[in-house]
Amino acid sequence: MSKLIQNEFEFANQQYKYLMKTVPADQMPQSYKNGKLITKDISWWCSGFYPGSLWMIFEQTKDPEIKKEAEQRLKIIESNKTFTRDHDLGFMMFCSFGNAYRITKNPEYKNVILTSAESLSTRFRPKMKAILSWDKMADFKGPVIIDNMMNLEMLMWASQNGGSKKLKEVAVTHANTTIRNHFRPDFSSYHVIDYDVNTGDVLSKKTFQGYADSSAWARGQGWALYGYTMMYRMTKDRKYLQQAQNIAKFILNNPAMPEDKIPYWDFNDPKIPDVPRDASAAAIIASALLELGQYSNGEEKSRYILTAKQMIVNLSTEKYHAKLNENGGFLLMHSTGGLPLNSEIDVPLIYADYYFLEALKRYKDWYL
Ligand code: GLY
C-alpha cells in the first residue's frame, strides 16, 4: 500500500497539472464528457473539492505549482463565505479552506471558515430541529437530505476553534433529528425528509437522486456513514459511533455490494448488475471506514480497514482509474451523480477524486 499511495499522489500531481491548464479562471471543474471538460461557477455545491484536492496533493508532493493553483482557487471561492441559499457551505468551504488551514495554519483561512459556519447556521430551523437543506420547492416544503450530515463538520470545527458554542448545538441537534427521522430499521437511510417548517412534523420520506423513496441510494449511505463517524470524532458521544457502526453493517453486508466493493449507484436498483457504478460512493465509504476503524476494535476494525483497502486498490486499477492526460485530467472514472435526473451518469466527478485522495491520506497516516 505504501508504494501504491506514493504512486497515486505523484500521479495526481501530474494529472491535476493537466486538468489545471483547461479550467477557466472563474470556474471549477465538475466532470468530463464527450471529450469536453464540464465546469460550474463558484456557487455550485462542489466548488470546494477542486481546491481541497489540490491542497491534499500539495501536502504530499510539495509542488509549488500545485500550491499556487490551490491558493488561487481559494481566492475565487472566498466570497461564498456569506452564501446562505442552501446547506452546502460545509462542502464548499470546509473541504477547501479546512484543508488549507490544516496545512498552512494561515489565520485568514480560519476566519473564512468561522464566517462560513455562521452563515450555514442561519439555515437552522428551531421547530424542525434541523438545518434546512434546500428552500421550499415544488415537491418539498422543508427538505433535509442525508448529505447534510457532511456540513456539520464545519460547524463542529468552528465551535471548537474560536467560533460560537451555538454552532455545536446546531450540529448536534441536527444529527439527533436525523437519527430519529432519516433511518429505517435496517439502518439504511432515506434521501430526503420533508418537514413542516412551522411544526417540525415529518410530512414525507422521499428520494431525489435515488432509485425509489424506499431504496438505499449508494452515495447517501456514504454520506450517512461518514457523517456519524465524524460526529463521533467531534463529540465522543457513543450513540454516533453506534449509528456509524450500524450503517457500516448495512453497507458491508448488503447482498448488492459487488465483489470489487465499488457500489452500484443504488443498492436497490432491480437491474443490478446492469446499472452504473458510483466510484464516488466507494471513495466516500472507504475514507469513512478508515476513520471508523480508528474507533473500533477486533473483527469489526479489521473488516473496515480491509474493505477500505479493497476499495482503494480497486479504484486504482485501470477499470476505474484514468491514465495520465486522459479522462479530462480527473483521477477516477465511473461515478454517478443523479441517475433519475439523467445527470452525471458514469462519468468522472470532482468529489470522487477528493474523497479518494482523502482515503489515501488516511490510510497512509493511520495504517502504514
Ligand atoms: N450532495 C449532493 C450529492 O451527493 O449528489
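What you see is a predicted model; the values in this text were computed from it and never measured.

Rules behind the numbers
- Residues numbered from 1 in each chain as written.
- Predicted model: local features only at pLDDT ≥ 70, side-chain atom pairs only at ≥ 80, totals over all residues.
- Heavy atoms only, no water.
- Helix = DSSP H or I, 4+ residues; strand = E, 2+ residues; numbered from the N terminus.
- Rg over C-alpha atoms; globule rule 2.2 N^0.38 Å.
- Buried < 20%, exposed > 50% of the residue type's maximum accessible area, 1.4 Å probe, protein only.
- Contact = heavy atoms within 4.5 Å.
- Core = buried A, V, L, I, M, F, W, Y, C linked by side-chain atoms within 4.5 Å.

### What to know about the overall build of the chain
Inference 1: Along its length, the chain carries 12 helices and seven strands.
Inference 2: Computed over its C-alpha atoms, the radius of gyration of the chain comes to 19 Å, within 12% of the 21 Å expected for a compact globule of 368 residues.
Inference 3: For the chain, the C-alpha atoms occupy an extent of roughly 55 × 45 × 40 Å along the three principal directions.
Inference 4: Looking at the 368 residues of the chain, the share that counts as buried comes to 60%.
Inference 5: Considering only residue pairs separated by 6 or more positions, the chain has 66% of its internal contacts joining residues 24 or more positions apart.

### Observations concerning the side chain of Ser189
Inference 1: Mapped onto the elements, Ser189 comes out in the loop between helix H7 (166-182) and strand E6 (192-195).
Inference 2: The exposure class of Ser189 is buried, given its relative accessible area of 2%.
Inference 3: Once residues within four sequence positions are removed from consideration, Ser189 is found in contact with Ile146, His182, Phe183, Arg184, Ser215 and Gln221.

### Digging into the nonpolar core
Inference 1: Membership of the largest hydrophobic core comes to 118 residues, with the highest contact counts inside it found for Met231 and Tyr355.
Inference 2: For Tyr355, the residues in contact, after removing those within four places along its chain, are Phe49, Phe91, Cys95, Met150, Trp223, Tyr226, Ala283, Ile284 and Ser287.
Inference 3: Ala130, Val144, Tyr190 and Ile193 belong to the second largest nonpolar core, which has seven residues in total.

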